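In case you want the letters, here they are:
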Amino acid sequence: MSDRVPILRIGQVLLVSIQIDLEDQTVLDLQDDLAERIVATGAGGVVIDITALEIVDSFVGRMLANTAAISRMLDAETVVVGMRPAVAITLVELGLSLGGVRTALTLDKGLALLERDRTARTARP
Amino acid sequence: MTGHEVEQEETVPITSNDDVVRARQTVRTYAQQCGLSLVDQTKLVTAASELARNTLVYGGGGRMRCAAVRRAGRVGVHAVFEDRGPGIPDLDLALTDGWTSGGGLGLGLSGARRLVDDFDLHSEPATGTRVSVTKWKR
């Protein structure tokens, strides 16, 4: 049994803070757990905090891209926050620019981004 | 061919997902001790993560040897990933961005090559695969 990453709910947002060096099975479990929690809670947004991650390789990068795509299909928006500069440089050189993934520098900015989205959505006729 | 002196060496078996984590932690320790910059540490550890996963998934398991090395007055970290798996039939194809024989993104080998200074790939059908990488301190 591998460990599972906890998913917290704050209002309309699901928050995941990755604090440990993840093994691949834990990464896959997180992707599945998030999809289920989005539907179960009706959350409109997901924030994935990777501040503590020293590396993001192609496996974790793919999970971030998949989660963004899956959540969009389930009517939720994903924002990845806290990417370190060295991680961004390495990901681009690796060949993964995560085009479909929204990012914010900090948790505060990520939450503000989702809040703006929500307001814009509900304002529509 | 590599022509460097080995100062300190460690072997990590790669037979499970846990071991992939252990392999990258070992490489990180060596990279820090060697004094690589933060960006270079990140690049090397990321490359090691890709290669260790390949050893496990495509090679059916194997081992990593990580060493602190010295050549012509420069210090660096050298890591060798070895398996006795089926080997890679077409090396050029395997090094092409986006090509994968499994379910991955096809960035492991080609991406890892871009992240290190020296890259050497040796593979023979039915014998196995050996990938050596080195990152030198700037």
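Just so you know, these numbers come straight off a predicted model, no measurement behind them. (Residues numbered from 1 in each chain as written. Chains lettered and ligands numbered in written order. Predicted model: local features only at pLDDT ≥ 70, side-chain atom pairs only at ≥ 80, totals over all residues. Heavy atoms only, no water.)

Moving on, we get to the overall build of chain A. Broken down by element type, chain A carries four helices and five strands. Written out in order from the N terminus, the α and β elements of chain A read β-β-α-β-α-β-α-β-α. Computed over the C-alpha atoms, the radius of gyration of chain A is 14 Å, within 12% of the 14 Å expected from 2.2 N^0.38 for a compact globule of 125 residues. If one aligns the C-alpha atoms of chain A with their principal axes, the spans along those axes are about 45 × 35 × 20 Å. Looking at chain A residue by residue over its 125 residues, the buried ones come to 49%. Once local pairs closer than 6 in sequence are excluded, the contacts in chain A between residues at least 24 apart make up 72%. Accessible area for chain A stands at about 6200 Å²; split by element, carbon and sulfur atoms hold 57% of it. Here chain A contributes 12 positive and 17 negative side-chain charges, whose respective centroids are spaced 10 Å apart. (Helix = DSSP H or I, 4+ residues; strand = E, 2+ residues; numbered from the N terminus. Rg over C-alpha atoms; globule rule 2.2 N^0.38 Å. Buried < 20%, exposed > 50% of the residue type's maximum accessible area, 1.4 Å probe, protein only. Contact = heavy atoms within 4.5 Å. Areas by Shrake-Rupley, 256 points an atom, 1.4 Å probe, with all protein chains shown as cover. Lys, Arg positive; Asp, Glu negative; His and termini not counted. Charge placed at Lys NZ, Arg CZ, Asp CG, Glu CD.)

Once that is clear, we can look at the interface of chain A and chain B. On the side of chain B, 23 residues touch chain A, which itself brings 20 residues to the contact. On the surface where chain A and chain B come into contact, there are six salt bridges. Note that Asp24(A) and Arg53(B) form a salt bridge whose closest N and O atoms lie 2.6 Å from each other. The interface formed by chain A and chain B holds ten residue pairs in polar contact (both at pLDDT 80 or more) in total. Counting only elements with at least two residues in the side of chain A that touches chain B, the list comes to helix 1 (24-41), helix 2 (58-73) and helix 3 (85-94) of chain A. Here the side of chain A that touches chain B takes six residues from helix 3 of chain A, the largest share from any one element. (Salt bridge = Lys/Arg side-chain N within 4 Å of Asp/Glu carboxyl O. Polar contact = N/O pair within 3.5 Å; in protein donor to acceptor, adjacent residues only side chain to side chain.)

This part takes up the packing of helix 1 (residues 17-34) of chain B against helix 2 (residues 38-57) of chain B. Residue and element names in this part refer to chain B. Helix 2 packs onto helix 1 with a crossing angle of 150 degrees between their chain directions and a minimal axis gap of 9 Å. For the element pair helix 1 / helix 2, the angle class is roughly antiparallel. Between helix 1 and helix 2 lies a crossing of right-handed hand. Between helix 1 and helix 2, the contacting residues are Asn17, Val20, Ala23, Arg24, Val27, Arg28, Ala31 and Gln32 on the first element and Gln41, Leu44, Val45, Ala48, Ser49, Ala52, Arg53 and Leu56 on the second. Residues that form the contact of helix 1 with helix 2 fall into these classes: nine nonpolar, four polar and three charged. (Axes fitted to C-alpha atoms, helices over the stretch in contact; angles between N-to-C directions. Parallel < 35°, antiparallel > 145°, perpendicular 65-115°, else oblique. Left-handed = near helix turned anticlockwise from the far one by under 90°. Nonpolar A, V, L, I, M, F, W, Y, C, P; charged D, E, K, R; others polar.)

All names here are of chain B. Within the secondary structure layout, Asp83 lies in strand 3 (residues 74-83). Buried and unpaired, Asp83 has Arg84 as its nearest opposite-charge partner, separated by 8.4 Å. A polar contact is formed between the side chain of Asp83 and the backbone nitrogen of Gly85, at a distance of 2.8 Å. Leave out the neighbours within four places in its chain, and Asp83 touches Thr55, Gly59, Gly61, Gly62, Thr127, Gly128 and Thr129.

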